[in-house]
Amino acid sequence: MIKLVLSDMDNTLVPFGNRRVSDFTRKAIHTLLEETDIAFGPCTGRDYVELMRLFSLDEACMQTGVMSTGKRVLYRGKTISLSIFDHKTLQGVADALADEKNMFLVCYPEKTNLFNPAYVVGPLDKDILADYERKLVFVSGIVDQVPDDVDFVAATIACPGTEKDMERCQKKVAAACPDVYTMSVVPQWFDVLPKGISKLTGFETLLERTGISPEEVLVFGDGENDVEILSKVPHSVAVANAIPEVKQVAKHHVGASADDGVAHALLELVRATKAGETPRFMMEN
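- Naming follows an unreviewed UniProt entry, where the protein appears as HAD-superfamily hydrolase, subfamily IIB of Lancefieldella parvula.

## Observations concerning the pairing of strand E4 (residues 72–75)
Consideration 1: Bridge count between strand E3 (residues 65–67) and E4: 3 bridges; the pairing is antiparallel. Among the inter-strand pairings, Gly65 is bridged to a residue of E4, identified as Leu74.
Consideration 2: Between the antiparallel neighbours E3 and E4 lie 4 residues, among them Ser68 with a positive phi of about 50°.
Consideration 3: As paired strands, E4 and strand E5 (residues 78–82) are joined by 4 bridges and run antiparallel to one another. By the bridge assignment for E5, Leu74 is matched with Thr79.

## Some remarks on the pairing of strand E10 (residues 180–186)
Consideration 1: Where E10 and strand E11 (residues 189–194) come together, 5 bridges link them in antiparallel fashion. Counterpart to Val180 in the pairing with E11 is Pro194.
Consideration 2: Counting the residues that bridge the hairpin from E10 to E11 gives 2 residues, and of these Gln188 lies at a positive phi of roughly 60°.

## Some remarks on the domain arrangement of the protein
Consideration 1: Partitioning the protein into structural domains gives domain 1 (4–82 + 197–282) and domain 2 (87–194).
Consideration 2: The centre of domain 1, based on its C-alpha atoms, is set 27 Å off from the matching centre of domain 2.
Consideration 3: On the side of domain 2, 16 residues touch domain 1, which itself brings 15 residues to the contact.
Consideration 4: For the pair domain 1 and domain 2, the summed buried area comes to about 1,400 Å², and 59% of that belongs to carbon and sulfur atoms.
Consideration 5: Sorting the residues of domain 1 by area buried against domain 2 places Val49, Arg53 and Lys71 first, and these three jointly supply 34% of that buried surface.
Consideration 6: One can count 1 salt bridge joining domain 1 with domain 2.
Consideration 7: Across the contact surface, domain 1 and domain 2 share 6 residue pairs in polar contact (both at pLDDT 80 or more).
Consideration 8: In terms of residue class, the side of domain 1 that touches domain 2 is made up of 5 nonpolar, 4 polar and 6 charged.

## Some details on unusual backbone geometry
Consideration 1: Positive phi, close to 50°, is recorded for Thr69, a residue that is not glycine.
Consideration 2: Checked against the element boundaries, Thr69 lands in the loop between E3 and E4.
Consideration 3: Exposure remark for Thr69: the relative accessible area of 4% places this residue in the buried category.
Consideration 4: At Val137, a residue that is not glycine, the phi angle is positive and equals roughly 60°.

## Quick word on the nonpolar core
Consideration 1: One finds Val5, Leu13, Phe55, Phe203, Leu218, Phe220 and Leu266 to be the most contacted residues of the largest nonpolar core, which totals 53 residues.
Consideration 2: Element by element, the count of residues in this core is highest for helix H9 (residues 261–275), at 6 residues.
Consideration 3: In this structure Phe55 touches Met9, Leu13, Val21, Arg26, Ile29, Pro42, Cys61 and Met62, once residues within four positions along its chain are discounted.

## Considerations on the packing of aromatic side chains
Consideration 1: A complete count under the given rule lists 6 aromatic pairs for this structure.
Consideration 2: Centroid distance Tyr108 to Phe138: 6.2 Å. Interplanar angle 80°. Geometry classified as edge-to-face. In this pair, Tyr108 is assigned in strand E6 (residues 104–109) and Phe138 in the loop between helix H4 (126–136) and strand E8 (139–143), connecting sequence segments 30 residues apart. The pair formed by Tyr108 and Phe138 is uniform in burial state, with each residue classed as buried.

Conventions adopted
- Residues numbered from 1 in each chain as written.
- Predicted model: local features only at pLDDT ≥ 70, side-chain atom pairs only at ≥ 80, totals over all residues.
- Heavy atoms only, no water.
- Pairing = 2+ DSSP bridges.
- Helix = DSSP H or I, 4+ residues; strand = E, 2+ residues; numbered from the N terminus.
- Domains from an automatic or database assignment.
- Contact = heavy atoms within 4.5 Å.
- Buried area = accessible area lost by both parts, 1.4 Å probe.
- Salt bridge = Lys/Arg side-chain N within 4 Å of Asp/Glu carboxyl O.
- Polar contact = N/O pair within 3.5 Å; in protein donor to acceptor, adjacent residues only side chain to side chain.
- Nonpolar A, V, L, I, M, F, W, Y, C, P; charged D, E, K, R; others polar.
- Buried < 20%, exposed > 50% of the residue type's maximum accessible area, 1.4 Å probe, protein only.
- Core = buried A, V, L, I, M, F, W, Y, C linked by side-chain atoms within 4.5 Å.
- Phe/Tyr/Trp six-rings, centres within 6.5 Å; stacked < 30°, edge-to-face > 60°.

Right, here's the structure in full:
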C-alpha cells in the first residue's frame, strides 16, 4: 500500500518555462489528499517560499516534502529536519570567487517571504545579476560579506560563461571549502550543498521519522539529481520527458510534465486505492 508520494518539481510537476503548477495538477493533489490517507509532497531543490509561488499559495500541496535538496524536511505540516549553513563556510565560498568578475554567491535566508529576498556576495555585473533575478525569480541585495546574524538555508552560485568556466568555478569552491559540494541542475547555476546532505538524506530522514518504508513510497522524477532516490525505492516513476538515465532506473513510466503526467498518475492512484487495486501505470511497466 502506498502511504507517501513525492515528486520532483522542475520539469516533473512543472514544465520548464511555466511559472506555476497547473490547476489540473493542484486539483489532482487535493483529490489524493482528500479522498485517501496518502501524504503528498515535493522532493526538490526549491525551498518553501519558492514552492509557495509554484503552488499558487496553496499550502495544502506542500505540507509534506523534502525541500531545499534535503535541508528542510516536512511531514503533514511539521518540520522534522532543518539544516542551516555555517556562515564561515558560505564566506569561504564567496572568497573563493572573489577574483571572478561575473561569478557570485547568492544566499537565501531561512526566514523569508514571497519576494524571496537574497543576499548577493561578490564582484558582479549588475546587468548579469538582473538577468539571473528574472530567470530564477529572486530579489537581491548586494553585500560585501555574508551576514553573520542571518540563518541561511540555501545558497547558489551564478556562473555565466562556458563549461570550462563552470569547471573552474567548481574546482575553486572544492579546493577552498571541503565542507560543501556543488551541483548544477540549471545551466550556469550551481546549488551549494553541505557535504552529507542531499535529496536522498532528506528522504531517508523523512522515512525514519515517520516509520514509512521504501515499499510504501511512490517517487516521480526526471533529472540527474533524482536518480539516487529513484534507485532506492521499488516504486520509482519517470515522466516521459526524463533524461535517459532516469528512464533506465525508474520501474514505472508516465506521461510528460507538459501533459500533466504526474497528475494523471495521482488520479489513477486514487481510483486504484479506493478499489483495492494496483494502479494501471504500476502494472503496465
